[in-house]
Amino acid sequence: MRLVLAIGWILALTAFAVPGPEAPRAAAGPELHIVNTSRVILRESPTTSAAIVSRLSLGAAVTELERAAEPVTIGSQTAPWVRVQAADGQTGWVFGALLRPDEPGRRAGLRQNLLRERRAGLGQANFFDASELAALAAGLAGELTGRQDRAEAELVELLALRQAAGAIPFNQAGRAPYAEWIAREKSRLVYGEPQGQWLLAADSLWILAARYKDLPLGELAAWEAATTLAPGECEG
């Protein structure tokens, strides 16, 4: 009888036993972001009046360190300030609406989406937007494995270079930051005396058209080459 009672107590205690603590879960890795516009300001503190640490370029990868507790509205966008670390190790605060989530395994695809979004408005881009789009496209062209995707990135790079050259303010080509950019890209540019501005050399587009002549993008590159201003020509 005592044995039966003892077994009963053991079963009862087992049924109502408090489970032990769960095994600790692995801490989530740091959140990663990519910058979704050009010349994004990295600031010392989370306010638009704070000192500028540096600027982040379109498509740059950053690591989130912390974020402000409350969102703020700047212009028409509402988001929290995010403290990030850039690839060069600099840290500072960025308005969260200027970032989008990044995944290392999908980074090329995410930046390709960004490239296509910016390509849609390239005709109205200023020098900084266009030159940073060209840099983003150049980097992507070296990362993408699909031939069609590579052709697209190479074409966008040239079209963005053309837009950037045309967006240099008159008589400012000898000043920073335009002079440095021209020196870096000079092999693909030509100066048009009548226009008084730097132009994309159409040869770059013709070479691209020949390289991808079996793809629809090759035909588009040929069209862009044919319609690109040459030195001595004027629109009209």
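Just above sits the structure.
The notes below deal with the structure included here. (Residues numbered from 1 in each chain as written. Predicted model: local features only at pLDDT ≥ 70, side-chain atom pairs only at ≥ 80, totals over all residues. Heavy atoms only, no water.)

A closer look at the overall build of the protein
Looking only at helices and strands, the protein has 7 helices and 11 strands in total. When the 236 residues of the protein are sorted by exposure, 36% land in the buried category. The contacts in the protein between residues at least 6 apart in sequence include a share of 56% that link residues at least 24 apart. Summed over all atoms, the accessible surface of the protein reaches about 13800 Å², with 55% contributed by carbon and sulfur. (Helix = DSSP H or I, 4+ residues; strand = E, 2+ residues; numbered from the N terminus. Buried < 20%, exposed > 50% of the residue type's maximum accessible area, 1.4 Å probe, protein only. Contact = heavy atoms within 4.5 Å. Areas by Shrake-Rupley, 256 points an atom, 1.4 Å probe, with all protein chains shown as cover.)

What about the packing of aromatic side chains?
One pair of aromatic rings is described through two measures. These are the centre distance and the angle between the planes. Going through the model one piece at a time under the given rule, you end up with 6 aromatic pairs. Where phenylalanine 127 meets tryptophan 181, the ring centres are 5.3 Å apart and the plane angle is 85 degrees; that geometry is what we call edge-to-face. Taken together, the residues phenylalanine 127 in helix 3 (residues 127-143) and tryptophan 181 in helix 5 (residues 178-185) connect sequence positions 54 residues apart. Judged by its relative accessible area of 4%, tryptophan 181 falls in the buried class. Note on phenylalanine 128 and tyrosine 178: the rings are 6.4 Å apart at their centroids and 40 degrees apart in plane angle, and the pair reads as tilted. Taken together, the residues span a long stretch of sequence, with phenylalanine 128 in helix 3 and tyrosine 178 in helix 5 at a distance of 50 residues. The class of phenylalanine 128 is partly exposed, set by a relative accessible area of 23%. Relative accessible area serves as the criterion here: at 11%, tyrosine 178 is assigned to the buried category. (Phe/Tyr/Trp six-rings, centres within 6.5 Å; stacked < 30°, edge-to-face > 60°.)

Considering the layout of surface pockets
Put simply, the second largest pocket is a space of about 260 Å³. Residue lining of the second largest pocket: 16 residues in total, with Phe127, Ser131, Glu132, Trp181 and Arg184 positioned closest to the centre. When contributions to the lining of the second largest pocket are tallied by element, the ones reaching two or more residues are helix 3, helix 4 (147-166) and helix 5. For the lining of the second largest pocket, the element with the highest residue contribution is helix 3, accounting for 7 residues. Of the residues contributing to the lining of the second largest pocket, the split by class is 8 nonpolar, 1 polar and 7 charged. (1 Å grid on protein atoms, 1.4 Å probe; cavity = no way out; pocket = protein on both sides within 12 Å on 5 of 7 lines; lining within 4 Å. Points joined across faces, edges and corners; volume = space filled by probe spheres on them. Nonpolar A, V, L, I, M, F, W, Y, C, P; charged D, E, K, R; others polar.)

Some remarks on the packing of helix 4 against helix 6 (residues 202-211)
Close contact between helix 4 and helix 6 brings their axes to 11 Å; oriented N to C, the two are set at 170 degrees. What the angle tells us is that helix 4 and helix 6 run roughly antiparallel. Contact residues: Arg147, Glu154, Leu155, Leu158, Leu159 and Arg162 in helix 4; Ser204, Leu205, Leu208 and Arg211 in helix 6. A class-by-class count of the residues in the contact of helix 4 with helix 6 yields 5 nonpolar, 1 polar and 4 charged. (Axes fitted to C-alpha atoms, helices over the stretch in contact; angles between N-to-C directions. Parallel < 35°, antiparallel > 145°, perpendicular 65-115°, else oblique.)

Digging into helix 5
Restricting attention to buried positions, one finds in helix 5 the residues Tyr178, Trp181, Ile182 and Glu185. What you see down the axis of helix 5 is that its buried residues fit within an arc of 100 degrees, all on one side. Exposed residues on helix 5 whose side chains face more than 90 degrees from its buried face are Ala183 and Arg184. Those residues of helix 5 hidden inside the fold are in contact with helix 3, helix 4, strand 10 (189-192) and strand 11 (197-200). (Arc of directions from axis to C-beta.)

Let's talk about the nonpolar core
One broad trend across soluble globular proteins is that nonpolar side chains are buried collectively. Core analysis: the largest hydrophobic core is formed by 39 residues, its most contacted members being Leu115, Leu122, Leu133, Leu136, Leu155, Trp181 and Leu205. Breaking this core down by element, the ones donating at least two residues are helix 2 (107-120), helix 3, helix 4, helix 5, strand 11, helix 6 and helix 7 (216-227). Looking at this core element by element, the count peaks at 10 residues for helix 4. Contacts of leucine 155, omitting those with residues within four sequence positions, involve Leu205, Leu208, Leu217, Leu220 and Ala221. Core analysis: the second largest hydrophobic core is formed by 10 residues, Val40, Val82, Ala86 and Val94 among them. (Core = buried A, V, L, I, M, F, W, Y, C linked by side-chain atoms within 4.5 Å.)

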